[in-house]
Amino acid sequence: MSEEVVLLDFWPSPFGMRMRIALAEKGIKYESKEEDLRNKSDLLLQMNPIHQKIPVLIHNGKPVCESLIQVQYIDEVWHHKSPLLPSDPYQRAIARFWADFADKKMSDLGRKIWATKGEEQANAKKEFIESLKLLEGELGDKPYFGGENLGYVDVVFVPFYSWFYAYEMCGDFSIDAECPKLMAWAKRCLEKESVSESLPDQEKVYGFVLQMKKAFGIE
Amino acid sequence: MAEVKLLATWPSPFYYRVVWALKLKGIAYEFIEEDLTNKSPLLLLYNPVHKKIPVLIHGGKPICESMVILEYIEEVWPQNSLLPTDPYDKAIARFWIKFAEDKSPAIWMVFWTNGEEQEQAVKDSLEMLKTIEEHAFGGKKFFGGDQIDMVDLAFGQLAQWLQVIEDVTGLKLLEASKFPRLQTWIKNFKQVPTIKENLPDYDQMFDFFTVRREMLLASK
């Protein structure tokens, strides 16, 4: 059966990266279309009319929106290869909890670190490190959050690693010094082709953040 | 069957979502009331990360976050299914569940704020209601079709709590003429026997939130 898979994406988006990793892990061939978010395509507006955001997964012409939902969808449809969620319901609940935690904390706090200054930025940095330490605790001695292999939480969380250098530069702090175990985990993930091919270079992301700061008039 | 306990607080809408799911599937559970002004060692043990309710405790193991709990309940007790089996339909259901999670806090901001902040919250709430009215129903009686499903439970706040917020703040958000589909859905949702039998008492809720709102305004 022929499957047509299209991904509407934007290179620095951590949400897009999740899909790149998941599709690669499952060995799914797909067409990637890069969006210009200042000039959104008719296809994007048609496929995601409510949020008009990327990534959008289009499977045989039907759109799936929201990256956490897309990863679960991929996992269910291509369930015979590289399962991302565990099969036990309790372990699945734990994975969903931590994926939700990583998603909310990294998105919100990361943005505050590069886009704000003073007390707001200082509070964001503090909470960011606290969140990373909680995630380190959940990782424990496992090589990946998914155990011996990449799992749902790894796929959801590791894209933010490509933004860590930008956060460190904007926030003037070292994530490595505070969370060495987590940095080791990220590097371990990057040894996998599905991850290394999906994450942009950290310097490139920093350049993009500097452009955004200029565009929004943030010093 | 392993013991099921639910650590929660009246009249949290997140607590009621879990109650509805358990009751719809015929699962017996023990309710443990939590005092959020004086958090118990049990809550701190079972939800150290967020220290929030509800927490479902199944066979001594905790599950936190109401929508994570609902997905867990659906997987462990598949009878009276609350999600479609087709992966694409399931993805659409999850899209609306996420929409409910991300946008519903706006109605609580209407309750918790005043002045400019409240005006923005009203704007955000109306935008959310408009999107649901225009896009979420697809000509069906419930979000789940002929029967309620997890999407209906996720939007449950709009069925009773929204009205309390409107009555306590004096701000009308859900005008029947502007939101006919939502109005009809609320009527139908509250008539579903399991929901009808498991809604917090309206007058008690009104008094509870009136006191909260007065305390809030006094402190500003």
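Residues numbered from 1 in each chain as written. Chains lettered and ligands numbered in written order. Predicted model: local features only at pLDDT ≥ 70, side-chain atom pairs only at ≥ 80, totals over all residues. Heavy atoms only, no water.

- The name an unreviewed UniProt entry assigns to chain B is Glutathione S-transferase, from the organism Durio zibethinus.
- Recorded in UniProt under Subcellular location (unreviewed entry), the annotation for chain B is "Cytoplasm, Cytosol". (UniProt positions renumbered as here; feature names shortened; annotations may be inferred.)

- Within an unreviewed UniProt entry, the label attached to chain A reads Glutathione S-transferase, and the organism entered is Durio zibethinus.
- You can read under Function (unreviewed entry) in the UniProt record for chain A the words "Is involved in the conjugation of reduced glutathione to a wide number of exogenous and endogenous hydrophobic electrophiles."
- For the record of chain A, the UniProt heading Sequence similarities (unreviewed entry) holds the text "Belongs to the GST superfamily. Tau family."

## A few points about the overall build of chain B
1) Next: Secondary structure assignment for chain B yields 11 helices and 4 strands.
2) Next: The globule rule puts the C-alpha radius of gyration for 220 residues at 17 Å, and the 18 Å found for chain B is close to it.
3) Next: Each principal axis of the C-alpha atoms in chain B carries an extent, and together these give about 50 × 45 × 30 Å.
4) Next: Taken over 220 residues, chain B has a buried fraction of 51%.
5) Next: By sequence separation, contacts in chain B at least 24 residues apart represent 70% of the contacts at least 6 residues apart.
6) Next: Across chain B, the 25 positively charged side chains and the 31 negatively charged ones have centroids separated by 2 Å. (Helix = DSSP H or I, 4+ residues; strand = E, 2+ residues; numbered from the N terminus. Rg over C-alpha atoms; globule rule 2.2 N^0.38 Å. Buried < 20%, exposed > 50% of the residue type's maximum accessible area, 1.4 Å probe, protein only. Contact = heavy atoms within 4.5 Å. Lys, Arg positive; Asp, Glu negative; His and termini not counted. Charge placed at Lys NZ, Arg CZ, Asp CG, Glu CD.)

## Quick notes on the domain arrangement of chain A
Residue and element names in this part refer to chain A.
1) Next: What the domain assignment reports for chain A is domain 1 (5-78) and domain 2 (89-216).
2) Next: If you average the C-alpha positions of domain 1 and of domain 2, the two centres end up 21 Å apart.
3) Next: Between domain 1 and domain 2, the residue contacts involve 15 residues of the former and 21 residues of the latter.
4) Next: Both sides together, the interface formed by domain 1 and domain 2 hides about 1700 Å², and carbon and sulfur atoms give 70% of it. (Domains from an automatic or database assignment. Buried area = accessible area lost by both parts, 1.4 Å probe.)

## With respect to the packing of helix H5 (residues 118-139) of chain A against helix H9 (residues 180-190) of chain A
Relative placement of two packed helices is described by the angle separating their axes and the distance separating the axes.
All names here are of chain A.
1) Next: Packing of H5 against H9 brings their axes to within 9 Å, and their N-to-C directions diverge by 65°. Put simply, H5 runs roughly perpendicular to H9. Handedness of the crossing formed by H5 with H9: left-handed. Together, Leu132, Glu136 and Leu139 of H5 and Pro180, Lys181, Leu182 and Trp185 of H9 make up the contact between the two elements.
2) Next: When the residues that make up the contact of H5 with H9 are grouped by side-chain class, the tally is 5 nonpolar, no polar and 2 charged. (Axes fitted to C-alpha atoms, helices over the stretch in contact; angles between N-to-C directions. Parallel < 35°, antiparallel > 145°, perpendicular 65-115°, else oblique. Left-handed = near helix turned anticlockwise from the far one by under 90°. Nonpolar A, V, L, I, M, F, W, Y, C, P; charged D, E, K, R; others polar.)

## Some details on the sheet that holds strand E1 (residues 4-8) of chain B
All names here are of chain B.
1) Next: In spatial order, the strands read E2-E1-E3-E4; together these 4 strands make up an open sheet with mixed pairing. Only two strands of the sheet have a single neighbouring strand rather than two, namely strand E2 (30-33) and strand E4 (61-64). When the angles between neighbouring strand axes are averaged without regard to direction, this sheet yields 25°.
2) Next: By the bridge criterion, 4 bridges tie strand E3 (residues 55-58) to E4 in an arrangement that is antiparallel. The residue bridging Leu56 from the neighbouring strand is Ile63, located in E4. (Pairing = 2+ DSSP bridges.)

## What to know about the UniProt feature "domain: GST C-terminal" (unreviewed entry) in chain A
1) Next: According to UniProt, the "domain: GST C-terminal" (unreviewed entry) feature falls on residues 88-216 of chain A.
2) Next: Along residues 88-216 of chain A the backbone is 74% helical and 0% strand, and the end-to-end C-alpha distance reaches 46 Å.

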